[in-house]
Amino acid sequence: MSTPDQQAQLLFPPNVQYNASRIYSIKFLSSCFAGAVAGVLGLENSLGFALFILATLLTSACLYVKCKGRPAKYIPGGWWELVNPGQENISSFILVWTLFYGIVHVYD
């Protein structure tokens, strides 16, 4: 068995940077699509945020499967890095949500 320090040393920094960049892009697109869906469906208040949480968990589950059940092998934060939505993604979700809600439901 190796210690966490030894496992951290096995991560190659350029690969970690590439993986983090890809995960950021996937999470960003997921939050934007969830915001568009929430806006088009006309979800308001907690239902819209519930959709965001559901989309975040679904995206995290897909990434977990893609990592073959061992996210710590590919990113230093492990499972927490997959589940953490990030402040910029929450802001993007709200921006796209209000945009699509305004476009679709402007005359309701």
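Residues numbered from 1 in each chain as written. Predicted model: local features only at pLDDT ≥ 70, side-chain atom pairs only at ≥ 80, totals over all residues. Heavy atoms only, no water.

- The chain has the name ER membrane protein complex subunit 6 in an unreviewed UniProt entry, where Rhodofomes roseus is given as its organism.
- UniProt, in its Sequence similarities (unreviewed entry) section for the chain, records the words "Belongs to the EMC6 family." (UniProt positions renumbered as here; feature names shortened; annotations may be inferred.)

1. Things to note about the overall build of the chain
Here's step 1: When you go through the chain residue by residue, the secondary structure sums to five helices and zero strands.
Here's step 2: Ordered by position from N to C terminus, the α and β elements of the chain give α-α-α-α-α.
Here's step 3: On C-alpha atoms alone, the chain measures out to a radius of gyration of 17 Å, which is more than a quarter above the 13 Å that the 2.2 N^0.38 rule sets for 108 residues.
Here's step 4: Over its C-alpha atoms, taken along the principal directions, the chain stretches across nearly 60 × 20 × 20 Å.
Here's step 5: Here the chain, with 108 residues, has 31% of them falling under the buried criterion.
Here's step 6: Taking contacts inside the chain between residues at least 6 apart in sequence as the whole, the part at least 24 apart equals 75%.
Here's step 7: About 7,600 Å² of surface is accessible on the chain, with carbon and sulfur atoms providing 68% of the total.
Here's step 8: Mean positive and mean negative side-chain charge positions of the chain (6 and 5 charges, respectively) differ by 21 Å. (Helix = DSSP H or I, 4+ residues; strand = E, 2+ residues; numbered from the N terminus. Rg over C-alpha atoms; globule rule 2.2 N^0.38 Å. Buried < 20%, exposed > 50% of the residue type's maximum accessible area, 1.4 Å probe, protein only. Contact = heavy atoms within 4.5 Å. Areas by Shrake-Rupley, 256 points an atom, 1.4 Å probe, with all protein chains shown as cover. Lys, Arg positive; Asp, Glu negative; His and termini not counted. Charge placed at Lys NZ, Arg CZ, Asp CG, Glu CD.)

2. Quick word on the UniProt feature "transmembrane region" (unreviewed entry) in the chain
Here's step 1: UniProt tags residues 21-41 and 47-65 as "transmembrane region" (unreviewed entry).
Here's step 2: Each end of residues 21-41 is marked by a C-alpha atom, and these two atoms are 30 Å apart; helix forms 100% of the span and strand 0%.
Here's step 3: Taken end to end, residues 47-65 has its terminal C-alpha atoms 27 Å apart, with 100% of it in helix and 0% in strand.

3. Digging into the environment of isoleucine 103
Here's step 1: Summarising the element assignment, isoleucine 103 is placed in helix α5 (residues 87-104).
Here's step 2: With a relative accessible area of 56%, isoleucine 103 lands in the exposed category.
Here's step 3: For isoleucine 103 and serine 92, which are 11 residues apart along the polypeptide, the C-alpha to C-alpha distance reads 16 Å.

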